[in-house]
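Coordinate inspection notes
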Amino acid sequence: MDRRNLLPIGQFSQASGLSVTALRHYDASGVLVPAFVDPVSGYRYFRRDQVRTAQSIRALRQLDIPVEEVGRLLGGGEEELVAALQAHLRAAERRLEVQRSMVHSLLSRLTEGAEMTHRVTVRQGAAERILVRGATLDNSGLDAFLRGAYEEMYGVAGRGPLTFTGPAFVRFHGVCDDENETLVEACLPFWEDGAQPTHLPEGMTVRELPETTLACTEVEGAAASFPQILGAYDSVADWITEHGFAFAGPVRMVYRRWTGTPDAPDNRLEIAWPIDEPADDQGLSDPDRRWSGTD
């Protein structure tokens, strides 16, 4: 082998910006294999044209892309790498937007208080019969799931045809954001004395919801989109906690007015959380602490 085209690992480390330890690790993982290994000394040598590859590996790792994914991307060709980088950029921008929104929300809560931006009221929710489609997912799959679920449910409702008794809503059984997944249920309330749905697709059910008391707040326009809407959930949760109520079920996101386009100024959503009086043995049954129907 012509060693004039080879660089020993020390020089290759300087040229590529990767430490000798990192180069040995990438060799062991198969991401960047030396062109030649001396059978006697075990010393590694790399081709000069591998410097560009090593620099690309360094840049990809600085983007927190896992080593295994780096190897796959470099082996998949330039087109796949470009697409992956563009997707990574979009995800990074989304994370930045979430962080920016959370910082603004925290600053607002510290300087103004949550009650200044989200007025919480209490209303009585009637018993309802609902058409339900559920899935366990995180926020990245939420929009696509809801669009597909409601398209399917409205198709079923139209065959009845069902008489709707209120706006569509979503029930979240836990935290649904970029880091957590939970059971999410798309719900469509309909009149129980009218036509009933038949031949339900797999995964779609009919359920009865009892009458319940709801602590609510409304958001409009940009405030109704993720992640800004998280502040509304926090405000309702804070209100329930501060007023001594118990959380009595999954929180609801009610479509009071929806254009179909996120961030549209005409969008209006209601965050409605089922509540109940705390148990008497918790020492919170004083009549003076019961809700009065207002915030």
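Now for a look at the structure at hand.

Section: the overall build of the protein chain
When helices and strands are tallied, the protein chain shows 7 helices and 12 strands. Counting every position in the protein chain, which comprises 295 residues, the buried fraction comes to 37%. Surface exposure of the protein chain reaches about 16700 Å², of which carbon and sulfur atoms provide 51%.

Quick look at the pattern of salt bridges
Inspection of the entire model under this criterion finds 14 salt bridges. With a shortest N-O distance of 2.9 Å, D49 and R47 are connected by a salt bridge. Residue E270 is joined to R123 by a salt bridge in which the shortest nitrogen-to-oxygen separation is 2.8 Å. Taken as a pair, E270 in strand β12 (residues 268-276) and R123 in strand β4 (residues 121-125) lie far apart in primary sequence, 147 residues in all. A single salt-bridge network, built from bridges that share partners, covers E69, R72 and E80.

Description of unusual backbone geometry
The omega angle of the peptide bond from G160 to P161 is -10 degrees, so this bond is cis rather than trans. Considering the arrangement of structural elements, one finds P161 in the loop between α6 (142-159) and β6 (169-172). Backbone geometry at D64 places phi at a positive 65 degrees, although glycine is not the residue there. Relative to the helices and strands, D64 resides in the loop between α3 (50-62) and α4 (67-75). Assessed through its relative accessible area of 67%, D64 is described here as exposed. Unusually for a residue other than glycine, H199 sits at a positive phi of about 50 degrees. Take H199: it is sitting in the loop between β7 (182-190) and β8 (204-209).

Some details on α3
Its 13 residues give α3 an end-to-end C-alpha distance of 18 Å, which sits within 8% of 18 Å, the value for a rise of 1.5 Å per residue. Among the residues of α3, Q50, V51, A54, I57 and L60 are the ones counted as buried. A positive backbone phi angle near 65 degrees is found at D64, which sits one or two residues after α3.

Quick notes on the packing of aromatic side chains
Enumeration over the complete set of coordinates arrives at 10 aromatic pairs. Centre to centre, the rings of Y154 and F164 are 5.6 Å apart; their planes meet at 90 degrees, and the pair counts as edge-to-face. One end of the pair, Y154, is in helix α6; the other, F164, is in the loop between α6 and β6, and 10 residues separate them in sequence. With a relative accessible area of 39%, F164 lands in the partly exposed category. Seen in terms of ring centroids, F172 and Y233 are 6.3 Å apart; in terms of plane orientation they differ by 85 degrees. Their pairing is edge-to-face. Of this pair, F172 sits in strand β6 while Y233 sits in helix α7 (residues 230-242), placing them 61 residues apart in sequence. In this structure, F172 and Y233 share a single accessibility class: buried. Among the aromatic residues, those joined into a ring-pair cluster are Y150, Y154, F164, Y255 and W258.

As for the environment of L74
As for its placement among the helices and strands, L74 is situated in helix α4. Considered as a pair, L74 and S56 are 18 residues apart in the sequence and their alpha carbons are 8.5 Å apart. If we ignore the near neighbours within four places in the chain, the residues touching L74 are T53, S56, I57 and L60.

Rules used throughout
Residues numbered from 1 in each chain as written. Predicted model: local features only at pLDDT ≥ 70, side-chain atom pairs only at ≥ 80, totals over all residues. Heavy atoms only, no water. Helix = DSSP H or I, 4+ residues; strand = E, 2+ residues; numbered from the N terminus. Buried < 20%, exposed > 50% of the residue type's maximum accessible area, 1.4 Å probe, protein only. Areas by Shrake-Rupley, 256 points an atom, 1.4 Å probe, with all protein chains shown as cover. Salt bridge = Lys/Arg side-chain N within 4 Å of Asp/Glu carboxyl O. Expected span 1.5 Å × (residues − 1). Phe/Tyr/Trp six-rings, centres within 6.5 Å; stacked < 30°, edge-to-face > 60°. Contact = heavy atoms within 4.5 Å.

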